[in-house]
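Descriptive analysis of the structure
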Amino acid sequence: MSGPDVSVVICVYTEDRWEDILAAVSSVRAQSYPARETLLVVDHNPALLDRLAKEYKEVAEVRVLANAGPRGLSAGRNTGIAASHGEVIAFLDDDAVAERDWLRHFAAGYADPEVMAVGGRTLPIWASGRRPAWFPAEFDWVVGCTYKGLPEGRVRVRNVLGGNASFRRTAFDAAGGFATGIGRDGDKRPLGCEETELCIRLTRARPDAVLLIDDRAVIHHRVPEAREHFGYFRTRAYAEGLSKALVARSVGADKGLESERRYATRVLPAGVARGLRDAVLARPGGAGRAGAIVAGVLTAAGGYVVGSVRTRKGGATFRVAPIEGGPIEGGPIKGGPIKGGPR
């Protein structure tokens, strides 16, 4: 097998996703480009840790370990990075399955030594069997999937999306690990953007770094019924605004909101226009999609304002952990944007 060794990290936290976890691992084990190892990082759940350890005790290429940091997705990912051996570390959501050539397309991207990260395309599996008529494809990021408006093909991007992404190990040497205090923490408010903050920090630490999306690297992400409703849509949009405020405070609004400006000024207005056109043509869901886009923008903007006020008052904290040597102690964010990452 030519190309880099790839370790796959899957962060898990609840037994409610038991079957999904097993399916995710099976999809990695079935890859046409075999992973060197799969690491299941369990987030402060001893019962799940014990159950998974028993499930995979005879499977040498699957390792089960406990999150060594604070509760949350970022610390779990950092634990997996530190314990892994591959030249490239790929991340897969615990409620997703990867297509057979997922890792093959990731590995191909690293033929260029300047490539530090490669992401893929994430498609939704709706619990109801079909997309809700009112749910705009421009907001598929709400359910952790690739959204309408992202560039197609194999293209350079500002940041990859964390549930379907890979990084060269040296990226973490340059920039440190995922920041805790930004992303998700079990079933609490659905925050995000930790991969955005990391990618911006990486390109500041390594200005020559290239980050790619290859939409042939496909995973299928389960969307539970509870997330098909407008209540979750609104909650997630608000949480995204909160998260974006923290990212902007960390890396500066210019970089932190660079892609979002194009999305808000080009992609979303076009989506509203399509929805209104469909409504005029009596197509199902057109008015609902247009209204959801407007509501999503306003809700996210409200979250951003609230988050900005909190960060200015010192009410939000995050820590950036180097993968070797333990976490960097941090407190409330004060002062201006961070000018670079740990080296």
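See above for the structure.
Let me begin by describing the structure that accompanies this report. (Residues numbered from 1 in each chain as written. Predicted model: local features only at pLDDT ≥ 70, side-chain atom pairs only at ≥ 80, totals over all residues. Heavy atoms only, no water.)

1. Examining the overall build of the protein chain
- Scanning the protein chain for helices and strands turns up ten helices and eleven strands.
- Burial analysis of the protein chain (343 residues in total) assigns 53% to the buried set.
- Approximately 15000 Å² of the protein chain is accessible, and the part contributed by carbon and sulfur atoms is 54%. (Helix = DSSP H or I, 4+ residues; strand = E, 2+ residues; numbered from the N terminus. Buried < 20%, exposed > 50% of the residue type's maximum accessible area, 1.4 Å probe, protein only. Areas by Shrake-Rupley, 256 points an atom, 1.4 Å probe, with all protein chains shown as cover.)

2. Regarding the pairing of strand β2 (residues 37-42)
- The buried fraction of β2 is high, at six of six residues.
- Residues E37, L39 and V41 of β2 are buried on one face, and the alternating residues T38, L40 and V42, pointing to the opposite face, are buried as well.
- For the crossover from strand β1 (residues 6-12) across helix α1 (residues 18-29) to β2, the handedness is right-handed.
- With respect to chirality, the unit in which β2 leads through helix α2 (residues 46-55) into the neighbouring parallel strand β3 (residues 62-66) is right-handed. (Right-handed = clockwise from strand over helix to strand, strands pointing away.)

3. Describing the nonpolar core
- Among the nonpolar cores identified, the biggest contains 35 residues, and V8, I10, L40, L52, L92, W102 and L103 are the most heavily contacted of them.
- With six residues, the top contributor of residues to this core is α1.
- Grouped together as the second largest cluster of nonpolar side chains are 28 residues, F172, F178, L202 and I213 included. (Core = buried A, V, L, I, M, F, W, Y, C linked by side-chain atoms within 4.5 Å.)

4. Description of the pairing of β1
- Counting buried positions along β1 gives seven out of seven residues, so the element sits mostly inside the fold.
- Residues V6, V8, I10 and V12 point to one face of β1 and S7, V9 and C11 to the other, with burial holding for every one of them.
- In this structure, β1 lies alongside strand β4 (residues 88-92), joined through four bridges in parallel fashion. Paired with V6 across the bridge in β4 is V88. (Pairing = 2+ DSSP bridges.)

5. Quick word on the packing of aromatic side chains
- One pass over the structure, following the stated rule, counts 16 aromatic pairs.
- Between F91 and F178, the aromatic rings sit 5.5 Å apart at their centres with planes inclined by 90°, giving edge-to-face as the arrangement. Linking F91 in strand β4 with F178 in the loop between α5 (169-175) and β9 (179-180), this pair joins segments that are 87 residues apart in sequence.
- In this structure F91 comes out as buried when scored by relative accessible area, which is 2%.
- Note on F178: relative accessible area 1%, which makes it buried.
- Geometrically, the ring pair formed by W134 and F230 is edge-to-face, given 5.9 Å between the ring centres and 75° between the ring planes. You can see W134 sitting in the loop between β6 (115-126) and β7 (154-156) and its partner F230 sitting in helix α7 (residues 230-251), a full 96 residues away along the chain.
- Taking the relative accessible area as the measure of exposure, W134 reaches 21% and is therefore partly exposed.
- Relative accessible area serves as the criterion here: at 34%, F230 is assigned to the partly exposed category.
- Among the aromatic residues, those joined into a ring-pair cluster are W126, W134, F135, F139, W141, Y147, F230, F233 and Y263.
- For the cation-ring pair, R51 lies above W18, with the distance from its terminal atom to the ring centre recorded as 3.8 Å.
- A cation over an aromatic ring shows up here: R77 above the ring of F178, its NZ or CZ 5.1 Å from the ring centre. (Phe/Tyr/Trp six-rings, centres within 6.5 Å; stacked < 30°, edge-to-face > 60°. Lys NZ or Arg CZ within 6 Å of the ring centre and 35° of its normal.)

6. Let's talk about the pattern of salt bridges
- This structure, assessed with the given rule, holds 20 salt bridges.
- D95 serves as the salt-bridge partner of R17, at 3.5 Å between the closest nitrogen and oxygen. Of this pair, R17 sits in the loop between β1 and α1 while D95 sits in the loop between β4 and β5 (96-98); the two residues are 78 residues apart in sequence, bridging distant segments of the chain. Each of the two residues, R17 as well as D95, counts as buried.
- One salt bridge connects E194 with R77, and the closest N-O pair in it is separated by 3.0 Å. A residue pair is termed long-range when its members are at least 10 positions apart, and E194 in helix α6 (residues 194-205) and R77 in helix α3 (residues 73-83) qualify at 117 residues.
- Since its relative accessible area comes to 3%, E194 is described here as buried.
- Relative accessible area serves as the criterion here: at 4%, R77 is assigned to the buried category.
- Taken together, the shared-partner salt bridges in this structure form one network comprising R277, D278, R283 and R289. (Salt bridge = Lys/Arg side-chain N within 4 Å of Asp/Glu carboxyl O.)

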